[in-house]
Amino acid sequence: MSVYQALTIAGSDSGGGAGIQADLKTFQELGVYGMSVITAITAQNTTGVQGVYPVEIEGIVQQLDSIGTDLQPRAVKTGMLFSADIIRHVAEKVKQYQWQHLVIDPVMVAKGGSVLLQQEALQALITDLIPLAEIITPNLPEAELLTGLAITNLQQREQAARQLIEMGATYVVIKGGHDTSTSTVIDLLYDGQRFDYLESERIDTPHTHGTGCTFSAALTAELAKGQSIHEAVHTAKQFIQAAIEDGLGIGSGHGPTNHFA
Ligand code: PLP
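What counts and how
- Residues numbered from 1 in each chain as written.
- Predicted model: local features only at pLDDT ≥ 70, side-chain atom pairs only at ≥ 80, totals over all residues.
- UniProt positions renumbered as here; feature names shortened; annotations may be inferred.
- Near = placed C-beta within 6 Å.
- Helix = DSSP H or I, 4+ residues; strand = E, 2+ residues; numbered from the N terminus.
- Nonpolar A, V, L, I, M, F, W, Y, C, P; charged D, E, K, R; others polar.
- Buried ≥ 20, exposed ≤ 12 C-beta atoms within 10 Å, placed from the backbone.
- Pairing = 2+ DSSP bridges.
- Contact = placed C-beta atoms within 7 Å.
- Axes fitted to C-alpha atoms, helices over the stretch in contact; angles between N-to-C directions.

- Looking up the protein chain in an unreviewed UniProt entry gives the name Hydroxymethylpyrimidine/phosphomethylpyrimidine kinase, with the organism given as Paenibacillus nicotianae.
- Per UniProt, the protein chain carries the Sequence similarities (unreviewed entry) text "Belongs to the ThiD family."

What follows is the structure, given as structure tokens:
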């Protein structure tokens, strides 16, 4: 039996809806063996982030080495990386172990406003990590911060996608969930040549905690299974749509999506 293996390099969400926990649950649901490198611990629940505790660099590097010297993730995703120093060390290890199918979810700020990436780390993300990416998965606010563009229409979305490809990613998918001016959610997938629009019904719910993590984890799982980028993005879109539709509604704030496939 062949075992599909994927690795997530991300932050822990004690509430279980986002970060490492969302990633591992999603990998499992999609039939992929999950491994994790924890970059930071957050004290968090559905009402917000109560604390952020980055892991020491030495501890992060050691986790990466433990995996790299023994296991063979076929796809790797990054989520919350927090600092420029962490980003540089992660980039170095991705190169050293020649990890392929790197999915970068450029996590920056939680929905409640807590900083998950320090401002000075943005440049390190652009110069050190994005050039290694097979695909980068920003939402609209993240795409604006990465490109410096104000994105208010589809043309500007295409311009942002072009800029992100120029930074060195092979593919980019800009997620449209934050644009509430339309009744559908429009995601844009770009491979440097062709723009593909993926449209889905907008679900009106407060329970969207961890949607970005879950989407990029599903995409990573599908890449680990050998799917093409286009297939993986479509499957991840279906997975996140169902996960939002069937949101668990637990906790008193923004509840998690439903990771059960
Ligand atoms: N906490 C961690 C550790 C994350 O990696 C993420 C990912 O974006 C979040 C929180 C964000 O959660 P939310 O979907 O509520 O913005």
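So much for the structure itself; the text now carries on.
### Details of the site of the ligand
So, step 1. Taken together, the neighbourhood of the ligand is formed by 18 residues, with Gly 11, Ala 18, Gly 19, Met 80 and Lys 111 sitting nearest.
So, step 2. Of all the secondary-structure elements, those providing two or more residues to the shell around the ligand are strand E1 (5-13), strand E2 (33-45) and helix H7 (211-224).
So, step 3. Each residue belonging to the shell around the ligand can be placed in one class, and the counts come to seven nonpolar, nine polar and two charged.

### Some points on the pairing of strand E7 (residues 171-174)
So, step 1. Of the two faces of E7, the one lined by Tyr 171 and Val 173 and the one lined by Val 172 and Ile 174 are each fully buried.
So, step 2. When strand E6 (residues 135-136) meets E7, the two strands line up parallel, connected through two bridges. The residue of E7 that forms the bridge with Ile 135 is Tyr 171.
So, step 3. Of the strand pairs in this sheet, E7 and strand E8 (residues 184-190) are connected by three bridges, and their pairing is antiparallel. Looking at the pairing, Val 173 lines up with Leu 189 of E8.

### So, the sheet that holds strand E9 (residues 195-201)
So, step 1. The sheet built from nine strands is open, its strands ordered E3-E2-E1-E4-E5-E6-E7-E8-E9 with mixed pairing. A single partner strand is all that each edge strand has here, and the edge strands are strand E3 (48-54) and E9.
So, step 2. One ladder, built from six bridges, connects E2 with E3; its direction is antiparallel. Looking at the pairing, Ile 41 lines up with Tyr 53 of E3.
So, step 3. Set on the sheet, H7 makes contact with E1, strand E4 (75-78) and strand E5 (102-104); between it and E4 the angle comes to about 165°.

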